[in-house]
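The chain contents come next:
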Amino acid sequence: MGTDSRRILRGIGRVAAATTAIGVAGVAYASVIERNWFRLRRYELPLLPPGADRLRVLHLADAHLTPGRRMLIEWIRGLAEHEPDLVVNTGDSLGHRDAVDPFIDALGPLLDRPGAFVYGSNDMFSPQLKNPARYLWRTSRADYKKRRVPDLPWRELGERMSSAGWLDLNNRKGSLKAAGSGIALAGVHDSHIGLDRYDKVAGPADPDADLRIGLLHSPEPANLDRFAADGYQLLLAGHTHGGQLCLPFYGTLVTNCGIDRRRAWGLHRYDSAWLHVSGGLGTSPTAPVRFCCRPEATLLDLVASS
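Since this is a predicted model, take the numbers as computed values, not measurements.

1. Observations regarding the overall build of the protein chain
Link 1 in the chain: Counting its regular elements, the protein chain contains five helices and 14 strands.
Link 2 in the chain: Expressed as a percentage of its 306 residues, the buried residues of the protein chain come to 51%.
Link 3 in the chain: Long-range contacts, defined here as pairs at least 24 residues apart, represent 76% of the contacts in the protein chain between residues at least 6 apart.

Below, the structure written as structure tokens:
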């Protein structure tokens, strides 16, 4: 082998080694650093009647909690120091059959606040190993077609939140008072597994309420359209994880539902309503990485309109 050939081979070897090192570093960052780099987003919206007191809503979603995630548990508990007036949980709280106690422990003092919740598919069905590249051409909805019997303790989870006074809004309506405002709420079960029944909550939202909120796990346009048409002013959803793996200067690759990439996370207009899609707090235990998409909860400060 000539000198030039040896130089070429050494060059190829160096490039391969550098590429491997970058890949290993990227995976380490996504699985260790960013996955545990929690942030609290904040927005202010003028949705309340003139003269109403500020109403602070804490939106939680997609914890996918497993018992050993102490950093996440303690971070969620620490959110109580922001003194929310209302806590909303839009599902996928569980990631393990033994996660109910840890999740209730994480909520801790937040359970003393008015609250409401809906379920996600992963509150009912345990995570399964799958090829994440499949999300590039289809959603995971088909993965549940053969899974008829839930294997996670979703009933116990709901009972524990309900016993603290939180409203179960899975295909239900409800109302409560927080910070002096009367709030009308409605929610649907997870459309991702075909359990949403909007007809059970259909009809105009209470026009006498100071605020009207719609809850859903997956932000499917078919349900969002109906919530907006029925007069709900603020729609809260999760499910997307903000894309979970995003690209710099491009953003979300996939949403795993019908919502467009632009509204995969954050606050946006949706017809006559405001839609907030949480980027979520966790990941499936079978895909424990985040990249350019930090885990998050959100404080929505609702104030009087001028």
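Next comes the rest of the description.
2. Quick look at the packing of helix α2 (residues 70-78) against helix α3 (residues 100-107)
Link 1 in the chain: Direction vectors running N to C along α2 and α3 enclose 35°, while the axes themselves pass 7 Å from each other. Taken together, the residues of α3 that come into contact with α2 (itself represented by R70, I73, I76 and R77) are P102, D105, A106 and L107.

3. Brief notes about the sheet that holds strand β8 (residues 211-215)
Link 1 in the chain: Strand order in the open sheet formed by six strands is β6-β7-β8-β9-β13-β12, with mixed pairing between adjacent strands. Each end of this open sheet is capped by a strand with a single partner; those strands are β6 (172-178) and β12 (266-270). If you compare each strand with its neighbour and ignore which way they point, the axes differ by 25° on average.
Link 2 in the chain: Pairing analysis gives seven bridges linking β6 to strand β7 (residues 181-187), with the strands arranged antiparallel. Bridge pairing links L176 to I183 in β7.
Link 3 in the chain: Against the sheet, helix α5 (residues 221-229) contacts β7, β8, β9 (234-237), β12 and β13 (273-277), and its axis sits at roughly 65° relative to β12.

4. Describing the layout of surface pockets
Link 1 in the chain: Quantified by volume, the second largest pocket comes out at close to 210 Å³.
Link 2 in the chain: What lines the second largest pocket is a set of 19 residues, among which G242, C246, G251, T252 and W265 lie closest to the centre.
Link 3 in the chain: Elements with a contribution of two residues or more to the lining of the second largest pocket: β1 (39-48), β11 (251-252) and β12.
Link 4 in the chain: A per-class count over the lining of the second largest pocket returns eight nonpolar, six polar and five charged.

5. Here we look at the pattern of salt bridges
Link 1 in the chain: Per the stated rule, a full pass over the model turns up 13 salt bridges.
Link 2 in the chain: Salt-bridge contacts for D301 lead to R54; the nearest nitrogen and oxygen are separated by 3.7 Å. Pair noted here: D301 is in strand β14 (residues 296-304) and R54 is in the loop between β1 and β2 (55-60), with a separation of 247 residues, a long-range link.
Link 3 in the chain: Using a relative accessible area of 9% as the deciding quantity, one classes D301 as buried.
Link 4 in the chain: The partly exposed category is assigned to R54, whose relative accessible area is 42%.
Link 5 in the chain: One salt bridge connects D101 with R160, and the closest N-O pair in it is separated by 2.8 Å.

6. Section: the sheet that holds strand β3 (residues 86-89)
Link 1 in the chain: Taken in spatial order, the six strands make up an open sheet running β1-β14-β2-β3-β4-β5, and their pairing is mixed. Each edge of the sheet is formed by a strand with only one pairing partner; in this case those strands are β1 and β5 (167-168).
Link 2 in the chain: When β1 meets β14, the two strands line up parallel, connected through nine bridges. In the sheet register, L45 faces β14, and the bridge partner there is L302.

7. Considerations on α3
Link 1 in the chain: With six of its eight residues buried, α3 lies for the most part within the structure.
Link 2 in the chain: Listed in full, the buried residues belonging to α3 are V100, P102, F103, I104, A106 and L107.
Link 3 in the chain: Residues of α3 that are buried sit in contact with β2, α2, β3 and α4 (154-163).
Link 4 in the chain: At the exit of α3 stands G108, carrying a positive phi of roughly 45°.

8. Brief notes about a nonpolar patch on the surface
Link 1 in the chain: Residues V32, I33 and W37 make up a contiguous nonpolar surface patch of roughly 300 Å² in combined accessible area.
Link 2 in the chain: Looking at the element boundaries, W37 is found in the loop between α1 (3-33) and β1.
Link 3 in the chain: The exposure class of W37 is partly exposed, given its relative accessible area of 41%.

9. As for unusual backbone geometry
Link 1 in the chain: The residue D271 is not glycine, and still its phi comes out positive at about 55°.
Link 2 in the chain: Residue classification places D271 among the exposed residues on the basis of a relative accessible area of 55%.
Link 3 in the chain: Phi angles above zero are rare outside glycine, and C292 is one such case at about 55°.
Link 4 in the chain: With respect to the secondary-structure elements, C292 resides in the loop between β13 and β14.
Link 5 in the chain: Assessed through its relative accessible area of 40%, C292 is described here as partly exposed.

About the criteria used
- Residues numbered from 1 in each chain as written.
- Predicted model: local features only at pLDDT ≥ 70, side-chain atom pairs only at ≥ 80, totals over all residues.
- Heavy atoms only, no water.
- Helix = DSSP H or I, 4+ residues; strand = E, 2+ residues; numbered from the N terminus.
- Buried < 20%, exposed > 50% of the residue type's maximum accessible area, 1.4 Å probe, protein only.
- Contact = heavy atoms within 4.5 Å.
- Axes fitted to C-alpha atoms, helices over the stretch in contact; angles between N-to-C directions.
- Pairing = 2+ DSSP bridges.
- 1 Å grid on protein atoms, 1.4 Å probe; cavity = no way out; pocket = protein on both sides within 12 Å on 5 of 7 lines; lining within 4 Å.
- Points joined across faces, edges and corners; volume = space filled by probe spheres on them.
- Nonpolar A, V, L, I, M, F, W, Y, C, P; charged D, E, K, R; others polar.
- Salt bridge = Lys/Arg side-chain N within 4 Å of Asp/Glu carboxyl O.
- Patch = residues over 30% accessible without salt bridge, like charges linked within 9 Å, V, L, I, M, F, W, Y side chains within 5 Å.
- Areas by Shrake-Rupley, 256 points an atom, 1.4 Å probe, with all protein chains shown as cover.

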